[in-house]
Amino acid sequence: MRASRAEIALSLGVLALGAGAAWVTARLPGEGGYAGIGPNFIPAVVSGGLVVTGACLLWAALSGGWRNRGAPEAGTQHAFNGAAFGWISAGLAAHMALIGWAGFVLAGAVLFACVARGFDSRRPARDAAIGLALSLAIFAFFVKLLNVNLPAGWLKPLLGTAGI
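To keep things clear, this report deals only with the structure shown in the data block. As a convention, each chain's residues are numbered from 1 in the sequence order in which they are written. Side-chain atom pairs in this predicted model are given and counted only at pLDDT of 80 or more, local residue features only at pLDDT of at least 70, and totals for whole chains, interfaces and linings cover all residues. Where side-chain values are given, they derive from all heavy atoms of the structure, hydrogens and water being excluded.

**Focus on the overall build of the chain**
Phase 1: Helix and strand definitions follow DSSP, with helices as H or I runs of at least four residues and strands as E runs of at least two, each counted in order from the N terminus. Looking only at helices and strands, the chain has six helices and zero strands in total.
Phase 2: The order of helices and strands in the chain, counted from the N terminus, is α-α-α-α-α-α.
Phase 3: Throughout this description, buried means an accessible area under 20% of the type-specific maximum (1.4 Å probe, protein chains only), exposed means over 50%, and partly exposed covers the range between. Per-residue burial over the chain gives 23% buried out of 164 residues.
Phase 4: Contacts are residue-level and defined by heavy atoms, with any inter-residue pair within 4.5 Å sufficient. Contacts spanning at least 24 positions in sequence make up 53% of the contacts within the chain whose residues lie at least 6 apart.
Phase 5: Accessible surface is estimated by sampling points in the Shrake-Rupley manner with a 1.4 Å probe; for residues, cover comes only from the protein chains shown. Of the accessible surface of the chain, which amounts to about 10900 Å², a share of 70% is contributed by carbon and sulfur atoms.

So this is what it looks like as structure tokens:
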């Protein structure tokens, strides 16, 4: 089976993105505070994940193509999905508008629900609940564990701030 140029190009792009992120991460200060985790920890994890993902994609592309994907039909193109684009764009705009006012957790829940709707989910209450749970977990991780201040907004009486 012949290797797809598109698969190779996308694999190399992910690999290059990871390498670039790793290069920038290496220039960040590494000394940690009382927790021993410096400001370069999370970027290093993300860039490492991108490098591993890019390498795995490249290996798959060069050894017979990406697995378990449907064969493209000859002469077909996917049409632009304006509704999906609109929902995801609205979610990003709402997140930017809400994060400073309503807080990280509520803005994240709205973003998650809008992206899920953009991917054609028809369960807004479930999506908002999942988004709330994920945003709350991320907030707790950054604020309580890494001591990074994120805006708590309306939930500040319940969530507190970093280092508390």
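And the narrative resumes.
**Details of the side chain of S47**
Phase 1: Considering the arrangement of structural elements, one finds S47 in helix α2 (residues 41-62).
Phase 2: Overall, the relative accessible area of 4% leaves S47 in the buried class.
Phase 3: Any pair of N or O atoms that falls within 3.5 Å is considered a polar contact. Within protein, one atom must be able to donate a hydrogen and the other to accept it, and sequence-neighbouring residues count only if both atoms are side-chain atoms. Reaching out from S47, the side chain makes a polar contact with the backbone oxygen of A44 at a distance of 3.2 Å.
Phase 4: In contact with S47, other than residues within four places in its own chain, are G18, A21, A22 and T25.

**Looking at helix α3 (residues 82-98)**
Phase 1: A helix's residues, less one, multiplied by 1.5 Å, set its expected span. Relative to the 24 Å expected for 17 residues at 1.5 Å per residue, α3 spans 24 Å between its end C-alpha atoms, a close match to the ideal helical length.
Phase 2: When we look at burial in α3, the residues that qualify are A84, G91, H95 and L98. Around the axis of α3, the buried residues are gathered within 85° of arc, so they sit on the same side. Along α3, exposed side chains directed more than 90 degrees from the buried face belong to F85, M96 and A97.
Phase 3: In this fold, the buried residues of α3 make contact with α4 (104-118).
Phase 4: A distance of 3.3 Å separates the backbone nitrogen of A83 from a side-chain oxygen at the start of α3, and that oxygen is part of N81. The arc refers to the directions leading from the helix axis to the C-beta atoms.

**Examining unusual backbone geometry**
Phase 1: Residue D120 is not a glycine yet carries a positive backbone phi of 75°.
Phase 2: For D120, the position within the fold is in the loop between α4 and α5 (124-145).
Phase 3: According to the relative accessible area criterion, D120 is partly exposed, its value standing at 48%.

From the geometry alone we can't say anything about function, so treat these as descriptive.
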